[in-house]
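Below, each chain spelled out in residue letters.
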Amino acid sequence: MDTTTSPVMTGAAAPSMVRRNGETIGFVIMVAALIVAPFFVYPLFLMQAMCFALFACAFNLLIGYGGLLSFGHALYFGWASYLAAHAAKVWGLTPELAILTGTATAAVFGLAAGSLAIRRQGIYFAMITLALAQMMYFVALRMKFTGGEDGIQAVPRGHLFGVIDLTNDMTMYVVVLVIFLAGFMLIYRIIHSPFGEVLKAIRENEPRAVSLGYKTERYKLIAFMLSATLAGVAGSTKAITMQIASLTDVNWPMSGEVVLMTLVGGLGTIFGPVVGAFVILFMQFKLSVVGEWVLVIQGVIFVTCVLLFRRGIVGEIAALFKR
Amino acid sequence: MPVEVDLILVTEGLTKDFAGFTAVGGVDLQVRRGTIHALIGPNGAGKTTCFNLLTKFLSPSSGRIVYNGRDITAMQPADVARLGLVRSFQISAVFPHMTVLENVRIALQRLKRGSSFDFWRSKSVLDEYNDRALSLIDDVGLSDYALANAVELPYGRKRALEIATTLALEPDMLLLDEPTAGMGHEDIARIADLIKRVAKNRTVLMVEHNLSVVADLSDTITVLTRGRVLAEGDYATVSNNPEVREAYMGVGHA
């Protein structure tokens, strides 16, 4: 056996090495760009974009690697931002504890919604996630603490660990960057873990995974919870950074926007959602002068992407290098 | 009832109704340990339904399934697989966008680690199964394809991969659903040979249309028509049974 093993294994290294090298280079470029960027671009914009990028990465973990299309991810993003804002403003918690509060909220909602949704597949799964998210949108609209149409405004950024003042945008930027990178690396690890292998197998052929003895529903539920929790990290961080939690973040167009970001960037690619989030936000930022028309332009981009660049920006670039 | 022989799988009055249509009606099956048992019959006889019932992918309307002396009638499919009763599928069941090596390794991962909920660990911990995976891949003649994606394999090779993946679980009993369906001559010979080899220390129950494969491999043959057992015995007994000839000739050649 050993004689056949060694040549095959040296061969095995080749394609995965190319991929890994590509990812390492991509990661270095991303980190470098994010370190340099605040000196050239409006830091508030960058921080917001990083929050959305993490949100899209969390969403991509579920659809791109688990094959599960959630159409209600605004629920975790939005509710986490409410709870984080409330914790910081009303309970007076430090920012890291406020973010933890929001994240825990998203995890609990993820567990509840996930255990209902994973019982169904495909479009039914998507519809259950959407229905639950809309239900919770109306709850958010009606509840007192969310401030209804006004949202929770003037959320204090506070002092990190009670010591570091986050009022300065550059200080805040470092915190958001660290949270984003930590979340990104955690997602990378999940994808490349023994759990991630099973998740991939379930996406590829669920009945076969069952026939091998995997209890696929548990894996799907854990993936759903992880995705919701990380969406919660993104939502909480955004609430603290932008100092506001509002209905926009919990309503269904937000669930659609995260789908758009992921598709434009590249579904099932590790950097795709990051690129997608930055592209979409940059567009909204630059095109805000044309008002409502930005939605029309977004629609056109969405259709173009699906028709011409099915793999998304990052997916197409990766395919170019493979050739 | 022959209680003195060692039976690995027994069904009693196994029945499945689909909205008024009885796909499988009161099937009593007895599979002896260490044999190759074939399930044959014309199209629509209920063979695949039977398979789905045995592996719990469908729940029986009535009847009992006993595997290794244990009632598995109410079990979940994943639990049945964990008891060592592992199935293949009619349509080749591979993980298309994973390599041949990864396909086999995912089965080893289940066998060796049970569950893999550890999302915080690097998957390099799975590399220790590579040697075992490669030797299984070698056994089914796929060494040259170890790093190809399963989707790129020709059909016959996919079936071979499926068998390698199934064998990785070291099952006591294999259920093969039409292992040679859609294959050319050389592939059929190779798979038949493979089945013969893997059946040496385990039990095989297979649905198969190719009667020469059935004749060549099986110790026992059960003939199903319209969801019921028509005849049972070795190939000579079954092929000389007038009712079986009638069923096959009447409904068309298998």
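On a predicted model such as this, the values are computed, not experimentally measured, just so you know.

## What to know about the overall build of chain B
Alright, step 1. Looking only at helices and strands, one finds nine helices and 10 strands in chain B.
Alright, step 2. For the C-alpha atoms alone, the extent of chain B along its principal axes is close to 60 × 40 × 40 Å.
Alright, step 3. Relative to its full complement of 254 residues, chain B shows a buried share of 56%.
Alright, step 4. For chain B, restricting intrachain contacts to residue pairs at least 6 apart in sequence, the fraction spanning at least 24 positions comes to 67%.
Alright, step 5. Accessible surface computed for chain B: about 10,700 Å², of which carbon and sulfur atoms make up 49%.

## Observations concerning the sheet that holds strand 5 (residues 70-71) of chain B
Residue and element names in this part refer to chain B.
Alright, step 1. Read from one edge of the open sheet, four strands run 2-1-4-5, paired in antiparallel fashion. The sheet is open, and its two borders are formed by strand 2 (21-32) and strand 5, each paired with just one other strand.
Alright, step 2. As judged from the five bridges shared by strand 1 (residues 7-18) and strand 4 (residues 62-67), these two strands associate in the antiparallel manner. The residue bridging T15 from the neighbouring strand is S62, located in strand 4.

## Digging into the pattern of salt bridges
Alright, step 1. Taken as a whole and assessed by the stated rule, the structure comprises 17 salt bridges over all chains.
Alright, step 2. In this structure, B:D79 engages A:K215 in a salt bridge whose closest nitrogen and oxygen atoms are separated by 2.5 Å. Note that B:D79 is positioned in helix 2 (residues 77-82) and A:K215 in the loop between helix 8 (206-211) and helix 9 (216-242), a pairing that runs across two chains.
Alright, step 3. Residue A:K215 is classed as partly exposed on the basis of its relative accessible area, which comes to 23%.
Alright, step 4. One salt bridge connects B:D127 with B:R105, and the closest N-O pair in it is separated by 3.2 Å. Pair noted here: B:D127 is in the loop between helix 3 (100-113) and helix 4 (130-139) and B:R105 is in helix 3, with a separation of 22 residues, a long-range link.
Alright, step 5. Taking the relative accessible area as the measure of exposure, B:R105 reaches 7% and is therefore buried.

## Regarding the environment of B:L153
Residue and element names in this part refer to chain B.
Alright, step 1. By secondary structure assignment, the location of L153 is in the loop between helix 4 and helix 5 (155-168).
Alright, step 2. The spatial distance from the C-alpha of L153 to the C-alpha of P60 is 35 Å, given a sequence separation of 93 residues.
Alright, step 3. Setting aside residues up to four positions removed in sequence, L153 forms contacts with V100, Y145, K158 and L161.

## Examining the nonpolar core
Alright, step 1. The biggest cluster of nonpolar side chains holds 155 residues, and the ones touching the most others in it are A:F180, B:V104 and B:M206.
Alright, step 2. Here this core gets 19 residues from one element, more than from any other, and that element is helix 2 (residues 43-66) of chain A.
Alright, step 3. Beyond its immediate sequence surroundings of up to four residues, B:V104 is in contact with B:A133, B:L136, B:I137, B:L161, B:A164, B:T165 and B:A168.

## Topic: the pairing of strand 4 of chain B
Alright, step 1. Pairing between strand 4 of chain B and strand 5 of chain B: two bridges, direction antiparallel. Following the sheet pairing, B:Y67 is matched in strand 5 of chain B by B:R70.

## Section: the interface of chain A and chain B
Alright, step 1. Taken together, the 31 residues of chain A in the interface contact 45 residues of chain B.
Alright, step 2. Around 3,400 Å² of area is buried between chain A and chain B when both sides are counted, 66% of it from carbon and sulfur atoms.
Alright, step 3. Among the residues of chain A in contact with chain B, A:P194, A:R208 and A:L212 are the three that bury the most area, contributing 20% of the side total.
Alright, step 4. Our count for the contact surface shared by chain A and chain B stands at three salt bridges.
Alright, step 5. When contributions to the side of chain A that touches chain B are tallied by element, the ones reaching two or more residues are helix 1 (2-36), helix 6 (169-191), helix 7 (194-204), helix 8 and helix 9 of chain A.
Alright, step 6. Top element by residues in the side of chain A that touches chain B is helix 7 of chain A. It accounts for seven residues.
Alright, step 7. Of the residues assigned to the side of chain A that touches chain B, the class counts are 17 nonpolar, seven polar and seven charged.

## Concerning the side chain of B:H37
Alright, step 1. The topology assignment puts B:H37 in strand 3 (residues 36-40).
Alright, step 2. Not counting the four nearest positions on each side in its chain, B:H37 is found in contact with B:L29, B:Q30, B:V31, B:V204, B:L205, B:M206, B:T220, B:T222 and B:E232.

## Some thoughts on the packing of helix 10 (residues 252-265) of chain A against helix 13 (residues 312-322) of chain A
Residues and elements named next belong to chain A.
Alright, step 1. Running from N to C, helix 10 and helix 13 point in directions that differ by 15 degrees, and their axes come no closer than 3 Å. Accordingly, the angle class assigned to the pair helix 10 and helix 13 is roughly parallel. Where helix 10 abuts helix 13, its residues L263, V264 and G265 lie against G312, I313, V314 and G315.
Alright, step 2. Looking at the contact of helix 10 with helix 13, its residues break down into four nonpolar, three polar and no charged.

## Considering a nonpolar patch on the surface
Residues and elements named next belong to chain A.
Alright, step 1. Taken together, the side chains of I35, V36, F39, F40, V41, Y42, M170, F282 and F285 define a hydrophobic patch exposed on the protein surface, amounting to about 940 Å² of accessible area.
Alright, step 2. Mapped onto the secondary structure, F282 falls in helix 11 (residues 272-286).
Alright, step 3. Owing to a relative accessible area of 45%, F282 belongs among the partly exposed residues under this scheme.

## Describing the side chain of B:T35
All names here are of chain B.
Alright, step 1. Locating T35 in the fold gives a position in the loop between strand 2 and strand 3.
Alright, step 2. Classification of T35 as buried rests on a relative accessible area of 8%.
Alright, step 3. If we ignore the near neighbours within four places in the chain, the residues touching T35 are R202, T203, V204 and D219.

## What about helix 5 of chain B?
Count 3.6 residues to each turn of an α-helix, and residues three or four apart come out pointing the same way.
Residue and element names in this part refer to chain B.
Alright, step 1. For helix 5, spanning 14 residues, the distance from its first C-alpha to its last is 20 Å, which sits close to the expected 20 Å at 1.5 Å a residue.
Alright, step 2. Most of helix 5 sits inside the fold, with 12 of its 14 residues counted as buried.
Alright, step 3. For helix 5, the full list of buried residues reads G156, K158, R159, A160, L161, E162, I163, A164, T165, T166, L167 and A168.

Definitions and limits used
Residues numbered from 1 in each chain as written. Chains lettered and ligands numbered in written order. Predicted model: local features only at pLDDT ≥ 70, side-chain atom pairs only at ≥ 80, totals over all residues. Heavy atoms only, no water. Helix = DSSP H or I, 4+ residues; strand = E, 2+ residues; numbered from the N terminus. Buried < 20%, exposed > 50% of the residue type's maximum accessible area, 1.4 Å probe, protein only. Contact = heavy atoms within 4.5 Å. Areas by Shrake-Rupley, 256 points an atom, 1.4 Å probe, with all protein chains shown as cover. Pairing = 2+ DSSP bridges. Salt bridge = Lys/Arg side-chain N within 4 Å of Asp/Glu carboxyl O. Core = buried A, V, L, I, M, F, W, Y, C linked by side-chain atoms within 4.5 Å. Buried area = accessible area lost by both parts, 1.4 Å probe. Nonpolar A, V, L, I, M, F, W, Y, C, P; charged D, E, K, R; others polar. Axes fitted to C-alpha atoms, helices over the stretch in contact; angles between N-to-C directions. Parallel < 35°, antiparallel > 145°, perpendicular 65-115°, else oblique. Patch = residues over 30% accessible without salt bridge, like charges linked within 9 Å, V, L, I, M, F, W, Y side chains within 5 Å. Expected span 1.5 Å × (residues − 1).

Function cannot be inferred from these measures alone, as they are strictly geometric.
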